[in-house]
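# Summary of the model geometry
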Amino acid sequence: MINNVLMFRRSGVCYDTLNIFTDKTASCLNELGVNVDFIDLDSKDVEGEILRVVNNSYDAALTFNSVGQHAFKANGEFLFDYMKVPFYDYIVDHPMRHYKHLCVPLKDFHVLCLDMGHRDYILKSHPNIKSANVLPLGGWTNADTSVKPIKDRRYDVVLTGSYYKLSDIEETILKGDKGFVDLTIATINYMLDNRDKSNEEALSEVLRVNSIDVDSSTFALYLSKIDRSNHYVNAYVREEVVRYIIDSGVKLHLFGDGWDALQVDDFKNTVIHNGVPYAETADIYADAKIVVNTMPWFKRGLHDRVPTAMLNGAVALSDTTEYIDKYFKTNASDAELLTYDIASPGSVVDVIKGALGDLKYLQQISDRAVDKAFRELAWEVRVGELCDIFEENKNNA
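Our subject in this report is the structure included herewith. (Residues numbered from 1 in each chain as written. Predicted model: local features only at pLDDT ≥ 70, side-chain atom pairs only at ≥ 80, totals over all residues. Heavy atoms only, no water.)

Turning our attention to the packing of aromatic side chains. For the structure shown, the criterion picks out 15 aromatic pairs. For the ring pair Phe21 and Tyr278, a centre distance of 5.4 Å and an interplane angle of 90° mean the geometry is edge-to-face. On the criterion of sequence distance, the pair formed by Phe21 in helix H1 (residues 17-31) and Tyr278 in the loop between strand E11 (271-273) and helix H11 (281-285) is long-range, its members being 257 residues apart. Using a relative accessible area of 4% as the deciding quantity, one classes Phe21 as buried. A relative accessible area of 14% means that Tyr278 is categorised as buried. Within the aromatic cluster, the residues linked to one another by ring pairs are Phe21, Phe64, Tyr90, Trp140, Tyr278 and Trp379. A cation over an aromatic ring shows up here: Lys73 above the ring of Phe78, its NZ or CZ 4.9 Å from the ring centre. The ring of Phe328 is capped by Lys372, whose NZ or CZ atom sits 5.1 Å from the centre of that ring. (Phe/Tyr/Trp six-rings, centres within 6.5 Å; stacked < 30°, edge-to-face > 60°. Helix = DSSP H or I, 4+ residues; strand = E, 2+ residues; numbered from the N terminus. Buried < 20%, exposed > 50% of the residue type's maximum accessible area, 1.4 Å probe, protein only. Lys NZ or Arg CZ within 6 Å of the ring centre and 35° of its normal.)

Attention now goes to the pattern of salt bridges. By the definition in use, this model includes 22 salt bridges. As a salt-bridge pair, Asp227 and Arg228 come within 3.9 Å of each other at their nearest N and O atoms. The partner of Glu376 in a salt bridge is Lys372, and the shortest N-O contact between them spans 2.9 Å. Of this pair, Glu376 and Lys372 are both found in helix H15 (residues 359-377), 4 residues apart, which corresponds to roughly one turn of the helix. When its relative accessible area of 31% is taken as the criterion, Glu376 is described as partly exposed. (Salt bridge = Lys/Arg side-chain N within 4 Å of Asp/Glu carboxyl O.)

With 93 residues, the main nonpolar core has Leu62, Phe64 and Tyr90 as its most contacted residues. For Leu62, the residues in contact, after removing those within four places along its chain, are Val5, Leu6, Met7, Phe8, Thr25, Tyr88, Tyr90, Leu112, Leu386 and Phe390. Listed in part, the 40 residues of the second largest apolar core include Val242, Leu317, Leu338 and Ile365. (Core = buried A, V, L, I, M, F, W, Y, C linked by side-chain atoms within 4.5 Å. Contact = heavy atoms within 4.5 Å.)

Structure (structure tokens):
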């Protein structure tokens, strides 16, 4: 049985999402009877924070996106080795961005991730990791009332997420490690031409074509050196999808920073809102008929926009992934969400127009989505699965 978990807090990271994830997880753990202690990395006395807990006994230490994974030492040992506590790094973007943290040689190091491809990559390229499990983030709702019917919702179509100018990302790439600029550009071009391929699949093919042979550990280093390729393709396809929707005349509501800088001759029926705190996206989804998602190049995973949309009764419309194909119903007769082909981004418009033209059909999808989300996709459910992972690894230790 899991009784005590140690977690980490650090504010100001990406709309404060990491603290939100931390607090939501801790709250769900508490509801399951698990005690949670914290190390506050924003404290002026981090050493005092560590000393406060260093002699306590924990079943797991858990952090999001490597926060707290700073190779802290105690009596010459890594902190978590000294405490004899298994360390879990819950990585919510591509693990290549956490290369240096994943290389830390902890004795009992585990990873949680959002994509089956990420899991396979971690186990192949980082042999120091004892286990890697796929555990998509849960969805949540802030509403205290019943789910609003589709016909009564304020927003026809919503997309949440920031806009990034491609020229700014290009400039960052060109200013990066000169030995990897050409490799980064080649990998970007390959992914945009082959949109079903992951970052690691794209790099592998680019290396093969150029007769560059590397072992798995060197491959991980190379992937970390071209991490801006991921940022670029994500920004590219998001902008592409948004432009198609704008041009269609569908009433789109954009929530996120930077969209007022998008160069468009006529925004037509698109409304640009300011960026909102992450926690407020649930309220926006609760008043939306359709929530459009572009995956952050998760080809075998799931982003939390999908379960949060479903939990709040909106119809999620996402480019598909192996995870969606495996765990969700997408056929018209019993769909739990809608999908489009990112290789043909204009297809998103056809799906939107068809769905908005049949609100009865949208309501049926919404009803199925809410039912599935509460049973399988809520934070409370995911944290229960997290405890199962803790328990299994504890029993196998």
